[in-house]
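These are the residues of each chain, in order.
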Amino acid sequence: MAIESSRAAFERTRNSLAGGVSSGLRASMRPTPLFVDRAHGAHVWDLDGDRYVDYVMAWGPLVHGHSHPHVLESVQRVMADMQVVGMGHPLEYRAAEAVLESVPGAQRLVWANTGTEAVQVALRFARAATGRNRVVKFAKAYHGWHDSVYASVGDDDTAETPVGGSRGQSPNAYADLIVGRFNDIDAATALLERAEERDIAAVLIDPIMSNAGVTDPAPGFLETLRTLCDEHGVVLIFDEVITGFRIARGGAAERFGVTPDLSVFGKAIAGGFTQSAVVGRADILDLVTDGVMHAGTFNGNPVALAAVTASMELCAAPEVYSILEDRSALFEAEVGAVLSDAGSVGDLRRVGSLLQFVPHGRGTSLHGTGGTWSEIAGAMLESGVVFMPSGKIFLSTAHTAEDIRLTAERFGEALRRLPAAT
Ligand SMILES: *Cc1c(COP(=O)(O)O)cnc(C)c1O
């Protein structure tokens, strides 16, 4: 793979598009952000026409692969009639009913466009429902780029006091956050036992730390949060923007058997189109008719909801999650074997169809793991496999055993070329 056309496109793009990428995190792709001409199933083709096995999967949405015909047909059908109307239309309730059917304990939802937005409105509902202000988030967890939650996302930001993640953020915006430690049951207990006094409205948690090491919740951790939130009148919010419709049809709530009060879905909910939702208890979400403001011109637009409906139909097929599990287990076995043969490079973590490479002796980070992984990802790109800079690996039902075996083979070659691993 020459990647030359992508290098040239990146140079050109920077003269019009600030930074040369449309989402800040994409700039960390090494050796260069890849420019795609065409994407289908588990593959993308670059501007030179070279084909790559894709483990980026658009950073999460494509559980069924690129351009799934069922999603595209549904979208094309509605597009012949309307694009956006700003009024009611039947897909609003059909898609909502389909989502509620998939998610354990879900009674109502509100539509939004992105995960970032949906997290914001979920926090607003939680504050309205409790009359309290503060929110517990966990160190390193990512909940979108908004000022109020983009804090303590760095490797070292583990203190209870939040640390802003970007220049230009007002410290007032995240002053209501309290930073907890994931899987620390004692610390969570100590914090939530004083929830009334500390003015805690919500606990916001990504149940597997999807963007910071992909970790199963410790036995009893989510259950303890559930019990303490009930005892102290705190709203438990699962950020299922990555886990939703990926680690089980009903996301983390189904996989771990713990039902939150609210959950936030994005990414995979619309099979590659832009849509998000806050889903959960009717008594909380019905506050939208009792003073909680929620709006958005493109909320519940017909095109995206046609995609949601199709994507929910795909997720309801009984074989989907066993296919995802088989392929992901094969990836873990084949690529994991290559990794352990190479000695002490790193570990592969997996929860369902989300994996992450974690280098030995280093943490993972949102932007990029750097070091060894950068070199590996760079070498893999040159041999026709695209990995995320953070070491995360997204599988889809479109990845075949052949794709995975090819990946393992190339991975072995890349590791042998790596000076650090020999
Ligand atoms: C991607 C992500 C978000 C933000 O969603 P956007 O659609 O990118 O705004 C929130 N939470 C988690 C866990 C995510 O991975």
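Residues numbered from 1 in each chain as written. Predicted model: local features only at pLDDT ≥ 70, side-chain atom pairs only at ≥ 80, totals over all residues. Heavy atoms only, no water.

Inclusion rule: UniProt positions are given in the numbering used here, feature names are shortened, and annotations may be inferred rather than shown by experiment.
Under an unreviewed UniProt entry, the protein chain has the name Aminotransferase class III-fold pyridoxal phosphate-dependent enzyme and belongs to Tsukamurella sputi. Within the UniProt record for the protein chain, the comment given under Cofactor (unreviewed entry) is "pyridoxal 5'-phosphate".

**Some remarks on helix 11 (residues 371-382)**
Residues three or four positions apart in an α-helix share a direction because the helix packs 3.6 residues into each turn. The test is simple: Helix numbering and strand numbering both begin at the N terminus, where a helix is a DSSP run of H or I of at least 4 residues and a strand a DSSP run of E of at least 2. For a helix, the expected span equals 1.5 Å multiplied by the residue count minus one. Think of it in three bands: residues with accessible area under 20% of the maximum for their type are buried, residues over 50% are exposed, and the middle band is partly exposed, with areas taken using a 1.4 Å probe on protein chains only. Contact between two residues is taken to exist if any of their heavy atoms lie within 4.5 Å; hydrogens are not considered.
Compared with an ideal rise of 1.5 Å per residue, which puts 12 residues at 16 Å, helix 11 spans 17 Å between its outermost C-alpha atoms and is within 8% of the ideal. Residues of helix 11 that are buried: Thr372, Trp373, Ile376, Ala377, Gly378, Ala379, Met380 and Leu381. Contact partners of the buried residues in helix 11: strand 3 (51-54), strand 12 (354-359), strand 13 (385-386) and helix 12 (401-417). Of the residues flanking the end of helix 11, it is glycine 384, one or two places downstream, whose phi is positive at about 95°.

**A few points about the sheet that holds strand 11 (residues 346-351)**
Condition: In this description, strands pair whenever DSSP reports at least two bridges between them. Every angle, taken between N-to-C directions, lies between 0 and 180 degrees, and every axis is a line fitted to C-alpha atoms, over only the stretch in contact when it is a helix.
The antiparallel open sheet is built from 3 strands, whose spatial order is 11-12-14. Bordering the open sheet on either side are strand 11 and strand 14 (392-394), each of which pairs with just one other strand. Direction aside, neighbouring strands of the sheet carry axes that sit 20° apart on average. Bridge analysis of strand 11 against strand 12 gives 6 bridges, and the strand direction is antiparallel. Bridged to aspartate 347 within strand 12 is valine 358. Contacting strand 11, strand 12 and strand 14, helix 10 (residues 320-341) crosses the sheet at an angle of about 170° to strand 11.

**Some thoughts on the pairing of strand 2 (residues 43-46)**
Here strand 2 shows two buried faces, one formed by His43 and Trp45 and the other by Val44 and Asp46. Sheet analysis places strand 1 (residues 36-40) next to strand 2, joined by 4 bridges and oriented antiparallel. When the bridges of strand 2 are listed, histidine 40 appears paired with histidine 43. Hairpin connection between strand 1 and strand 2: a loop of 2 residues separates the two successive antiparallel strands, and glycine 41 in this loop has a positive phi of roughly 60°. Relative to strand 3, strand 2 runs antiparallel, the two being bridged by 3 bridges. For histidine 43, the partnering residue across the bridge sits in strand 3 and is valine 53.

**As for the domain arrangement of the protein chain**
Our working rule: All the domain ranges listed were derived from an automatic or database domain assignment. Here the buried area means the combined drop in accessible surface, using a 1.4 Å probe, for two parts upon being joined, counting both sides. The rule for a salt bridge is simple: a side-chain nitrogen of Lys or Arg has to be within 4 Å of a carboxyl oxygen of Asp or Glu.
What the domain assignment lists for the protein chain is domain 1 (4-67 + 318-417) and domain 2 (69-316). Just the C-alpha atoms count here: the centres of domain 1 and domain 2 sit 26 Å apart. Residue-level contacts link 28 residues of domain 1 with 31 residues of domain 2. Summing the contributions of domain 1 and of domain 2, the shared interface buries around 2300 Å²; its carbon and sulfur component is 57%. Joining domain 1 to domain 2, the criterion identifies 0 salt bridges.

**Topic: empty space enclosed by the protein**
Defined as follows: Using protein atoms alone on a 1 Å grid, points that fit a 1.4 Å probe yet trap it form a cavity, whereas open point sets bounded by protein on both sides within 12 Å along at least five of seven lines form a pocket; residues with an atom within 4 Å of a point count as lining. Grid points are joined across faces, edges and corners, and a volume is the space filled by probe spheres set on the points.
Scanning all chains against the criterion turns up 3 cavities of 30 Å³ or more. The space that makes up the largest cavity amounts to roughly 60 Å³. Elements with a minimum of two residues in the lining of the largest cavity: strand 9 (262-265) and strand 10 (276-280).

**Things to note about the nonpolar core**
As a reminder of what qualifies: Within this scheme, the nonpolar core is defined by two criteria: the residues are buried Ala, Val, Leu, Ile, Met, Phe, Trp, Tyr or Cys, and they are joined through side-chain atoms within 4.5 Å.
Of all hydrophobic cores here, the largest spans 50 residues; its most connected members are Val203, Ile205 and Leu225. Broken down by secondary-structure element, the contributors of at least two residues to this core are strand 5 (134-138), helix 5 (185-192), strand 7 (200-205), helix 6 (221-231), strand 8 (235-239) and helix 7 (251-256). The greatest single-element share of this core, amounting to 5 residues, is contributed by helix 6. Summarising the domain contributions, this core has at least three residues from each of domain 1 (4-67 + 318-417) and domain 2 (69-316). Apart from residues no more than four positions distant in its own chain, isoleucine 205 is found in contact with Phe138, His143, Phe182, Phe221, Leu222, Leu225, Leu236, Ile237, Phe238 and Asp239. Among the nonpolar cores identified, the runner-up in size contains 32 residues, and Val71, Val99, Ala106 and Phe265 belong to it.

**What about the side chain of histidine 399?**
Here is the rule: By the criterion applied in these results, polar contacts are pairs of N or O atoms within 3.5 Å in which, for protein atoms, one can donate a hydrogen and the other can accept it, and in which residues neighboring in sequence qualify only through two side-chain atoms.
Mapped onto the elements, histidine 399 comes out in the loop between strand 14 and helix 12. For histidine 399, a relative accessible area of 0% gives the class buried. Here aspartate 54 takes part through its backbone oxygen, which lies 2.7 Å from a polar atom of the side chain of histidine 399. A distance of 3.0 Å separates polar atoms of two side chains, one belonging to histidine 399 and the other to serine 396. The residues contacting histidine 399, other than those within four sequence positions of it, are Ala42, Val53, Asp54, Tyr55, Met57, Arg327 and Phe394.

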